[in-house]
Amino acid sequence: MSHNVNDMSRRRVPSWASFSQIPILKVIEPYLEHSLETRGGAMTANKRTVLIASLALFAMFFGAGNLIVPVMIGAHAGVNSWSAALGFVSTGVLLPVLSMVAMSTKRSHEKRLADRLGARLGLVITTLIFLFTGMVYAIPRVGAVSYEMAIGPFMPTANPWASTIALFVYSALFFAVASLLVLRPAMVMKGVGAWLTPALLILLFIVIAGAWTLPVVDIKPDPNYAHAPITEGFIQGYFTMDALAALMFGGVVIGSLKAAGLSKQQVHRGTAVAGLLAGIFLTIVYVGLVRVGQVGTGENGATLTAHVTRELFGPVGQGVFGLIVILACFTTAIGLLDASVEYFHDLIPAITRSQWLLIAAVVSFSLTNLGLTRILAIVAPANQFLYPLVMVLVIVSLVDLLVSAQLYFAYRIPAWTTAVLALLEALYTTEVKFFAPLRYLLDSFPAGHLQMAWVVPAAATLLIGIGLDWQRLTKGR
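Not measured: the values here are computed from a predicted model.

A. Molecular detail of the overall build of the protein chain. From N to C terminus, the protein chain includes 20 helices and two strands. Here the protein chain holds 477 residues, and the buried ones make up 55% of them. Sequence-distant contacts, at least 24 apart, represent 79% of the contacts inside the protein chain between residues at least 6 apart. Carbon and sulfur atoms make up 68% of the accessible area of the protein chain, which amounts to about 20,800 Å² in all.

Quick look at the structure:
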């Protein structure tokens, strides 16, 4: 049976009935009743559905990268932290919200939204998204982050071999159990998901509140943050990978709003509102995590947050927080493993689902044992290639929505232009000496020195594409 992205994503998320039981919803609903349209003093079913969708969307977006990247901005940007945070929110919050709106424009005959860029490029982009939001990056990242947060702080720093062995054993158990439960993810999500996300949020807010009581570590900004903090924060937003994940999660929200009986117009509006509310929640948490980074030290965001938590609450408090992170990362790993297996089995059905699961688990386990710092280095070139293309797809989809026409050249010309320049930037990011001369070529473009050589050419070719589409549509009348 053929599966599209929307169908696959829908099966991996708890039913809306289970999300309606989220405890935090009962706490915030009275405050939201005043800002949302109500009937008879009670929140309408449609409004409640959109609210639940926004909480579910936040839970899906907030993973390991969302925890560690803003913390590292606070640690590395120094006095420029808030400028960098502004750039980070642009790609870490605003772009995923816009991606949600773009997903709502997906047509019934389209298998992948990215196919609008061309069938071949759409297939490549979608496959890479599933790779890097799956076994190559996101899954090993949640394994590494959960170890760093929960186990790492208790390991003896004088014995690095002990930490290496502990990570090996922990990750082996982590992915073995996750793989066994992949066939029945709903059981885990229903049992843990409704309570896990609120508990994690509460603990995060406690840590964030505590961070404001600690003095800021006086460090100079790293060179990139010293010269262009907003741009560097913008690029760091790539590492959340939420704009990429929105191409999966958007289908979940849209399908659920349709299933709830909302009309086409209400689905468009509800998707936008759900994305906006989720974006507000993410922004609040990100600002707080930047502050956590300002008051601690550590090799990466996971160890830094663990040390700050331990300083605030001692070993017991830090241990409880570590357990919550393990559970959060564990349920995330189950969903991502399941999504990856379904997509690649559909793509290459000759390899059975069980074989794909074994491949995904082994690759994730192997990369986890490289350590979090090395995992982050691996994904940088992929993000430099994928994010510009996704931004082009989202922007043109929004233009397409505004002009109420099915654009063709406006997608393809700027997409292929962006793909060439983004690929060159990605090759340079690998830090392989052979690609070092590419910097001179990329810097010759406007904003090239900011790692955004694709922006002006993409904008120019978008205008050309719109002009060609206008001419094509005019002739067709």
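Alright, that's what it looks like, and here's the rest.
B. Inspection of the pattern of salt bridges at higher detail. This model, assessed by the stated rule, comprises four salt bridges. Among the salt bridges present, the one from Arg439 reaches Glu425, with a minimum N-O distance of 2.7 Å. A residue pair is termed long-range when its members are at least 10 positions apart, and Arg439 in helix α19 (residues 438-443) and Glu425 in helix α18 (residues 409-429) qualify at 14 residues. This pair shows no difference in class: Arg439 is buried, exactly as Glu425 is. Taken together, the shared-partner salt bridges in this structure form one network comprising Glu425, Arg439 and Asp443.

C. Spatial organisation of the nonpolar core. Within the largest apolar cluster, 131 residues are counted, with the highest numbers of intra-cluster contacts made by Phe62 and Val292. No other element matches helix α15 (residues 301-347), which puts 19 residues into this core. Of the domains in this structure, domain 1 (47-369) and domain 2 (380-476) are the two that each give at least three residues to this core. When residues no more than four places from it in sequence are discounted, the contact partners of Phe62 are Leu67, Leu200, Leu204, Leu282, Val285, Tyr286 and Leu289.

D. Structural view of the packing of aromatic side chains. The tally for this structure, following the rule as stated, stands at 14 aromatic pairs. With 5.6 Å between their ring centres and 80 degrees between their planes, Phe174 and Phe330 make a pair best called edge-to-face. One end of the pair, Phe174, is in helix α9 (residues 160-181); the other, Phe330, is in helix α15, and 156 residues separate them in sequence. Exposure class is identical for Phe174 and Phe330. Each is buried. Members of the aromatic cluster, joined through ring pairs, are Tyr147, Tyr170, Phe174, Phe175 and Phe330. For the cation-ring pair, Arg439 lies above Tyr428, with the distance from its terminal atom to the ring centre recorded as 4.7 Å.

E. Seen up close, the side chain of Thr231. Residue position: Thr231 is located in helix α12 (residues 229-236). Look past the residues within four positions of Thr231 in its chain and what remains in contact with it is Leu450 and Met452.

F. Local environment of helix α8 (residues 138-150). With 13 residues, α8 extends 18 Å from end C-alpha to end C-alpha; this agrees with the ideal 18 Å at 1.5 Å per step. For α8, the buried fraction is high: 13 of the 13 residues fall into the buried class.

G. Region of interest: the environment of Ser179. By secondary structure assignment, the location of Ser179 is in helix α9. Linking Ser179 and Ala333, residues 154 residues apart in sequence, is a C-alpha distance of 9.1 Å. Contact partners of Ser179, with chain neighbours within four places excluded, come to Leu337, Leu357 and Ala361. Within the structure, Ser179 has its side chain in polar contact with the backbone oxygen of Phe175 (distance 2.7 Å).

H. Local environment of the packing of α8 against helix α16 (residues 353-368). Packing of α8 against α16 leaves a shortest axis separation of 8 Å and a crossing angle of 50 degrees. With respect to their mutual orientation, α8 and α16 come out oblique. Where α8 crosses over α16, the handedness of that crossing is right-handed. Within the contact between the two elements, α8 uses Ile139, Pro140, Gly143 and Ala144 and α16 uses Ser364, Leu367 and Thr368. Across the contact of α8 with α16, the residue classes break down as four nonpolar, three polar and no charged.

I. Structural detail: helix α6 (residues 81-103). The end-to-end C-alpha separation of α6 is 32 Å, in line with the 33 Å expected for 23 residues at 1.5 Å each. Along α6, the sharpest change in direction is near 35 degrees and occurs at Val89.

J. How the structure looks around a nonpolar patch on the surface. A cluster of nonpolar side chains, contributed by Ile165, Phe168, Val169 and Leu173, occupies part of the molecular surface with about 390 Å² of accessible area. Mapping Ile165 onto the fold places it in helix α9.

K. Fine view of the packing of α18 against helix α20 (residues 455-475). As a packed pair, α18 and α20 sit with axes 7 Å apart at the nearest point and diverge in direction by 160 degrees. Compared by their axis directions, α18 and α20 come out roughly antiparallel. Once α18 is placed against α20, the crossing between them reads as right-handed. Taking contact as the criterion, the partners of Phe409, Ala410, Ile413, Pro414, Thr417, Thr418 and Leu421 in α18 are, on α20, Pro457, Ala458, Thr461, Leu462, Gly465, Ile466, Leu468, Asp469 and Arg472.

L. Representation of the confidence of the model for the protein chain within the structure. Per-residue confidence for the protein chain gives a mean pLDDT of 80, with 84% of residues at or over 70. Note on residues 1-42: pLDDT under 50 across the span, and 77 contacts to partners over four residues away in sequence or across chains. In this model, residues 188-193 is a region of pLDDT below 50 whose contacts with residues beyond four sequence positions or in other chains number eight contacts.

M. Here's a closer look at unusual backbone geometry. With a phi close to 65 degrees, Ala447 is a non-glycine residue in the positive phi region. Given the relative accessible area of 28%, Ala447 is considered partly exposed. Look at Gln451: it is not a glycine, yet its phi comes out positive at around 60 degrees. Judged by its relative accessible area of 22%, Gln451 is partly exposed.

Cut-off values and rules
- Residues numbered from 1 in each chain as written.
- Predicted model: local features only at pLDDT ≥ 70, side-chain atom pairs only at ≥ 80, totals over all residues.
- Heavy atoms only, no water.
- Helix = DSSP H or I, 4+ residues; strand = E, 2+ residues; numbered from the N terminus.
- Buried < 20%, exposed > 50% of the residue type's maximum accessible area, 1.4 Å probe, protein only.
- Contact = heavy atoms within 4.5 Å.
- Areas by Shrake-Rupley, 256 points an atom, 1.4 Å probe, with all protein chains shown as cover.
- Salt bridge = Lys/Arg side-chain N within 4 Å of Asp/Glu carboxyl O.
- Core = buried A, V, L, I, M, F, W, Y, C linked by side-chain atoms within 4.5 Å.
- Domains from an automatic or database assignment.
- Phe/Tyr/Trp six-rings, centres within 6.5 Å; stacked < 30°, edge-to-face > 60°.
- Lys NZ or Arg CZ within 6 Å of the ring centre and 35° of its normal.
- Expected span 1.5 Å × (residues − 1).
- Polar contact = N/O pair within 3.5 Å; in protein donor to acceptor, adjacent residues only side chain to side chain.
- Axes fitted to C-alpha atoms, helices over the stretch in contact; angles between N-to-C directions.
- Parallel < 35°, antiparallel > 145°, perpendicular 65-115°, else oblique.
- Left-handed = near helix turned anticlockwise from the far one by under 90°.
- Nonpolar A, V, L, I, M, F, W, Y, C, P; charged D, E, K, R; others polar.
- Bend = angle between axes of the 7 residues up to and from the residue.
- Patch = residues over 30% accessible without salt bridge, like charges linked within 9 Å, V, L, I, M, F, W, Y side chains within 5 Å.
- pLDDT = per-residue confidence, 0-100.

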